[in-house]
Amino acid sequence: MKRRTFLRGTTATLGLALAGCKPSDDPIDSGDTSETGDPIVPSEFQTPLPVPGELTGTLDNGRLVFELTAQAGTTEFFAGKPAATKGYNGNFLGPTLRVRRGDDVTLRVTNNLTERHVTHWHGAHLPAAADGGPHQVVNAGEVQTSEWTINQLAATIWYHPHAMGLTASQVYDGLAGFFIIDDDDADALDLPKRYGIDDFPIVVQDRRFTADGQLDYTLSMMDEHHGFQGDHFLVNGAIKPFVDVEAKQIRFRLLNGANGRTYVFSFADGTAFQLIAGDSSLLEAPLTMTQLQLSPGERGEIVVDLTDRKDDVLLLRDETAGGDLFEIRVSKEATATTTVPASLITLPRLLESEAQRTRPFIFSMMAGNFLINGVSMDMNVINEVVPVDEVEIWEITNASAMLHNFHMHAGHFEVLTRNGIAVGDWERGFKDTVFVGVSEKVRILVKHSDYTDATLPYMYHCHILEHEDTGMMGQFTVV
Ligand code: C2O
Ligand code: CU
Ligand code: CU
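**Q** Tell me about the coordination of the copper ion (ligand 2), and name the residues and values.
**A** Within the protein, the atoms that donate to the copper ion (ligand 2) are H120 (NE2) and H407 (NE2), at distances of 1.9 Å. With H120 in strand β8 (residues 119-122) and H407 in strand β29 (residues 404-408), this pair connects stretches of sequence that are 287 residues apart. Each member of the pair, H120 as well as H407, is classed as buried.

**Q** So what's going on with the coordination of the copper ion (ligand 3)? Residues and values would help.
**A** Within the protein, the copper ion (ligand 3) binds to H404 (ND1), C462 (SG) and H467 (ND1); these donor distances fall in the range 2.0 to 2.1 Å. In the primary sequence, the donor residues of the copper ion (ligand 3) line up as H-x57-C-x4-H. Of this pair, H404 sits in strand β29 while H467 sits in helix α6 (residues 465-469); the two residues are 63 residues apart in sequence, bridging distant segments of the chain. The pair formed by H404 and H467 is uniform in burial state, with each residue classed as buried.

**Q** Describe the nonpolar core, listing the residues and the values that go with them.
**A** In a soluble, globular protein the nonpolar side chains are often hidden away together inside. The biggest cluster of nonpolar side chains holds 51 residues, and the ones touching the most others in it are W121, W148, F179, W394, F406, I444 and F476. The element best represented in this core is strand β4 (residues 63-78), accounting for four residues. For F406, the contacting residues outside a window of four places in its chain are F361, F363, W394, I396, F413, D432, T433, V434, V436, I444, Y460 and H461. L49, M289, I302 and F326 belong to the second-largest nonpolar core, a separate cluster that totals 32 residues.

**Q** So, the side chain of E298: which residues are in play, and what are the values?
**A** Assignment of secondary structure puts E298 in the loop between β21 (292-294) and β22 (299-305). Classification of E298 as buried rests on a relative accessible area of 1%. A distance of 2.6 Å separates the side chain of E298 from the backbone nitrogen of S295, its partner in a polar contact. At 2.8 Å, the side chain of E298 and the side chain of K431 are in polar contact. E298 has contacts with L254, L255, N256, D279, Q293, K431, T433, V434 and F435, leaving out every residue within four places of it along the chain.

**Q** I'd love a proper account of the confidence of the model for the chain, names of residues and values included.
**A** With 91% of its residues at a pLDDT of at least 70, the chain reaches an overall mean of 92. Low confidence marks residues 1-36, where pLDDT is under 50. Its contacts with residues over four positions away, or in another chain, come to 58 contacts.

**Q** Before we move on, could you go through the sheet that holds strand β27 (residues 384-386) and cite the residues and values that matter?
**A** In any sheet, the strands associate via hydrogen bonds between backbone groups, in a parallel or an antiparallel arrangement. If you trace the five strands from one edge of the open sheet to the other, you get β27-β35-β34-β29-β32, paired in mixed fashion. Edge positions in the sheet fall to β27 and β32 (433-436), since each of these pairs with one other strand and no more. Each strand of the sheet is rotated relative to its neighbour by a mean of 25°, with strand direction disregarded. In terms of strand pairing, β29 meets strand β34 (residues 458-461) through two bridges, oriented antiparallel. In the strand pairing of β34, M408 is matched with Y460.

**Q** Requested: an account of the side chain of D198, with residues and values cited.
**A** Examined against the element boundaries, D198 turns out to sit in the loop between α4 (184-187) and β12 (199-209). Here R194 takes part through its backbone nitrogen, which lies 2.8 Å from a polar atom of the side chain of D198. Polar side-chain contacts of D198 include one of 2.9 Å to the side chain of K248. With residues near it in sequence (within four places) discarded, D198 still touches P192, K193, K248, Q249, I250, R251 and T338.

**Q** Outline the pairing of strand β14 (residues 232-235), listing residues and values.
**A** Looking along a regular strand, one sees side chains alternate from face to face of the sheet. The alternating pattern of β14 places H232 and L234 and F233 and V235 on opposite faces, both of which are buried. When β12 meets β14, the two strands line up antiparallel, connected through four bridges. What sits directly across from R207, in β14, is H232. Pairing between β14 and strand β15 (residues 238-239): two bridges, direction antiparallel. Within β15, the position partnered with V235 by the bridge is A238. The antiparallel pairing of β14 with β15 creates a hairpin that spans two residues between the two strands, and N236 there sits at a positive phi of about 50°.

**Q** Mind laying out the environment of T119, listing which residues take part and the relevant values?
**A** With respect to the helices, strands and loops of the structure, T119 is situated in strand β8. Overall, T119 belongs to the buried group, its relative accessible area being 0%. Separated by 18 residues in the primary sequence, T119 and V137 have C-alpha atoms spaced 8.1 Å apart. Engagement of the side chain of T119 in a polar contact is seen with the side chain of Y88, the distance being 2.9 Å.

**Q** Go over the environment of E147 with me, naming the residues and quoting the values.
**A** Along the polypeptide, E147 turns up in strand β9 (residues 143-149). With a relative accessible area of 40%, E147 lands in the partly exposed category. Contact partners of E147, with chain neighbours within four places excluded, come to R63, V105, T106 and A130. Reaching out from E147, the side chain makes a polar contact with the side chain of R63 at a distance of 3.5 Å. Polar side-chain contacts of E147 include one of 2.6 Å to the side chain of T106.

**Q** Mind laying out the sheet that holds strand β23 (residues 313-318), listing which residues take part and the relevant values?
**A** What the six strands build is an open sheet, ordered β1-β16-β24-β23-β18-β21; its pairing is mixed. In this open sheet, the two edge strands, each paired with only one partner strand, are β1 (47-48) and β21. As defined by bridge partners, β1 adjoins strand β16 (residues 241-246) across two bridges and the pair is classed as parallel. What sits directly across from T47, in β16, is P241.

Each value, and the rule that gives it
- Residues numbered from 1 in each chain as written.
- Chains lettered and ligands numbered in written order.
- Predicted model: local features only at pLDDT ≥ 70, side-chain atom pairs only at ≥ 80, totals over all residues.
- Heavy atoms only, no water.
- Donors = N, O, S within 2.8 Å, 3.2 Å for Na, K, Ca; no water.
- Helix = DSSP H or I, 4+ residues; strand = E, 2+ residues; numbered from the N terminus.
- Buried < 20%, exposed > 50% of the residue type's maximum accessible area, 1.4 Å probe, protein only.
- Core = buried A, V, L, I, M, F, W, Y, C linked by side-chain atoms within 4.5 Å.
- Contact = heavy atoms within 4.5 Å.
- Polar contact = N/O pair within 3.5 Å; in protein donor to acceptor, adjacent residues only side chain to side chain.
- pLDDT = per-residue confidence, 0-100.
- Pairing = 2+ DSSP bridges.
- Axes fitted to C-alpha atoms, helices over the stretch in contact; angles between N-to-C directions.

Encoded structure:
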């Protein structure tokens, strides 16, 4: 009989970590169906961290071809209770796509679901026709093809569904994956880059489960307003997994893959780490931090130095509600060393003084509808027409009573200010998603280059998926 063992965390966050759980219950015997439908809580840190396999493509006539299938399957989040899930080429989540700057890629996604689907390449700089937005949706049984030339800096981007009104539920069921772009500049740096050894993709997502271990996506009024808030936290699809690592610098490519929650990551014992990359690029220099906030869709790559920590155990924690998420066991001798350089890359920055105009985006909520500039998403309306190669300031104002963030397709931006104050260095890499708190005004600098299309739009939206699905999204063309 599994006893719930909750005592690994420090008492400070124990209450948060246990929200929704009742330690005295024994659901196996009692058939407990408490309000959260909490099924058997697995023993903590007994499941090996799943590391998604890498797909490097197949060369065909000079193009690198990737085949993905969006499909239904089952996943045992709780032993003996297979849950209905969705995944790419598998049961939950998907393989890590790995490409290099300069590659001509063809990505084919077969829709083996029973509903509409399209896969969006979040963070990719690409033509609108390849974006995988709601206009590229395919029916069940059909194949989506996206083709472009990888033309952006090394970054950890990702992919996920984007069919109008179905994004939140399909992501929730498991459709999401990493997409890593390499380039010579990043390769030249002495960073941990042995995938699955000292370089791990880590996606964190929160979910609710029914008593029989099924994913529960019943939205309360709270969920509809604030975005879905789960009470179990998945790390690469597993609840409280562990990983054995070498006593050296270890890199985690953190992705907030949640529908609605913003996380604040830290190590439980306060161990500092270096932030080396944001959403769409490396930072110019590593930044030493002890906490990193990521809102849905944002990425942050961190390196933690475990060189002198042999036989130690660290816990990656979410300070907000998740508690201790996964256990890092420094159980192996280093088989190589790395030293994060004091400077990483020089970003080709834009100048604010070059901006030709300021484009306002005002987030509001009225009569239960989420609006941007007073309107909700209409597939037939192009909300903004953006001239190619012109520098613009986009000014995002949160005039609602809840958190949002802002994600822009097609490219990256630089964050200038939040409420008039220059943002911290941690937000100073190239980004595609930015947090916009209550009453905040965030100014970003952007230039859309290389691809124009007078009719096919890109999207901008709040990446709280329940907000996006209910209309907090708009469309822009680049002409
Ligand atoms: Cu990750 Cu339009 O989204
Ligand atoms: Cu996107
Ligand atoms: Cu929102």
